[in-house]
Amino acid sequence: MSKELEYFKSKTDMIRRDIITMLGEAGSGHPGGSLSAVEILSSLYYELMEEGDKFVLSKGHSAPALYSILADKGYFAKKELMTLRKLGSILQGHPDMKKTPGVHFSTGSLGQGLSAANGMAIAAKYDKSDQRIYVLLGDGELQEGQIWEAVMTARHRRLDNLITYVDHNNLQIDGSCVEVKSLDKIKEKFLSFGWGVFTIDGHDIKSIIETTRKAWQVKWKPVCIICNTIKGKGISFMEDEVGWHGKAPSKEEVELALKELKGVE
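Notes on the structure in this doc start here. Predicted, not measured: the structure shown is a model, and the values here were computed from it.

1. Regarding the pattern of salt bridges
- For the structure on display, the rule yields nine salt bridges.
- Of the charged contacts, one joins Glu39 and Arg16 as a salt bridge, the two residues approaching to 2.9 Å between their closest N and O atoms. Within this pair, whereas Glu39 is found in helix H3 (residues 38–48), its partner Arg16 is found in helix H1 (residues 5–26), the two being separated by 23 residues in sequence.
- Taking the relative accessible area as the measure of exposure, Arg16 reaches 5% and is therefore buried.
- Several salt bridges converge on common partners, so that one network encompasses Lys3, Glu47 and Arg213.

What follows is the structure in structure tokens.
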């Protein structure tokens, strides 16, 4: 890694503070899956992605985590974060490439992001570009049939410039993934379609970065990195609680969460 772990810790703490304050101000949104994706997004935007690379947040309801990073990297003013989900805001509940600087594809309806990323990766191949395409899926999203059509297409097209992350936090809006519609063996599913597959701790920055660099070396097929995560990571009363999938914290809960994160100024 080109940066120390302390650098990433400061960034992930900042992102989690932003997520909590944004959702508290908005009064709606999705804290659980935003918090579980923080390390994955931080690894990409602060270390791995190079100029010209593209990212698709297929699990679009986790947009607050992405917005925090885009603001930190100067795509728009930090003060815009407090306009999340408000009428006329550039920061809608799901990413909108027509409104939000730095967003490469509009997402929201689950299951579509991998297909879009396939298209970007195919275009890069035609252009003979070194561009890499990254996409983040939710584990509940894998229940969508379109995902598996896209998985098949990516292998058929030998898209070795496509890297897919699965935020595997085991929970979705209606309960656990096992109860709603069991995903069973995710690794084996991707392997059966001819993909390269890695399984890692999705909150371990070093592991995410090192594994992604290994994925760069895989040729003639796409790669899936299954990231085992905890929904609501970083806030004790939100961790592994399905009720925090799509519920904003109250003013009192915001204060409690920020104290846990030592983010009160």
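2. Observations concerning the state of the cysteines
- Applying the stated criterion across every chain, the model contains zero disulfides.
- Left unpaired, Cys177 is separated from the closest cysteine sulfur, that of Cys224, by 14 Å.
- Cys224 provides the cysteine sulfur closest to Cys227, a residue in no disulfide bond, and the two sulfurs are 8.1 Å apart.

3. Describing the sheet that holds strand E7 (residues 223–228)
- The five strands lie next to each other as E1-E2-E3-E7-E6, forming an open sheet whose pairing is parallel. Both outer strands of the open sheet, strand E1 (54–57) and strand E6 (196–201), are each paired with one neighbouring strand and no more. For this sheet, the mean angle separating the axes of adjacent strands, direction not counted, is 20 degrees.
- With six bridges joining them, E6 and E7 adopt parallel strand pairing. Bridging across to E7, Phe198 finds its partner in Ile225.

4. Remarks on the packing of aromatic side chains
- A complete count under the given rule lists eight aromatic pairs for this structure.
- Ring geometry for Tyr7 and Phe8: centres 5.5 Å apart, planes at 85 degrees, overall edge-to-face.
- Here Tyr134 and Tyr165 contribute two aromatic rings whose centre-to-centre distance is 6.4 Å and whose plane-to-plane angle is 25 degrees, an arrangement assigned as stacked. Of this pair, Tyr134 sits in strand E2 (residues 133–138) while Tyr165 sits in strand E3 (residues 162–168), placing them 31 residues apart in sequence.
- A residue is classified by how much of its surface remains accessible, and Tyr134, at 0% relative accessible area, is buried.
- For Tyr165, a relative accessible area of 0% puts it in the buried group.
- Its end group placed over the ring of Trp216, Arg132 keeps NZ or CZ at 4.0 Å from the ring centre.
- The ring of Trp244 carries Lys247 above its face, with NZ or CZ at 4.2 Å from the centroid.

So, how was this worked out
Residues numbered from 1 in each chain as written. Predicted model: local features only at pLDDT ≥ 70, side-chain atom pairs only at ≥ 80, totals over all residues. Heavy atoms only, no water. Salt bridge = Lys/Arg side-chain N within 4 Å of Asp/Glu carboxyl O. Helix = DSSP H or I, 4+ residues; strand = E, 2+ residues; numbered from the N terminus. Buried < 20%, exposed > 50% of the residue type's maximum accessible area, 1.4 Å probe, protein only. Disulfide = S-S within 2.5 Å. Pairing = 2+ DSSP bridges. Axes fitted to C-alpha atoms, helices over the stretch in contact; angles between N-to-C directions. Phe/Tyr/Trp six-rings, centres within 6.5 Å; stacked < 30°, edge-to-face > 60°. Lys NZ or Arg CZ within 6 Å of the ring centre and 35° of its normal.

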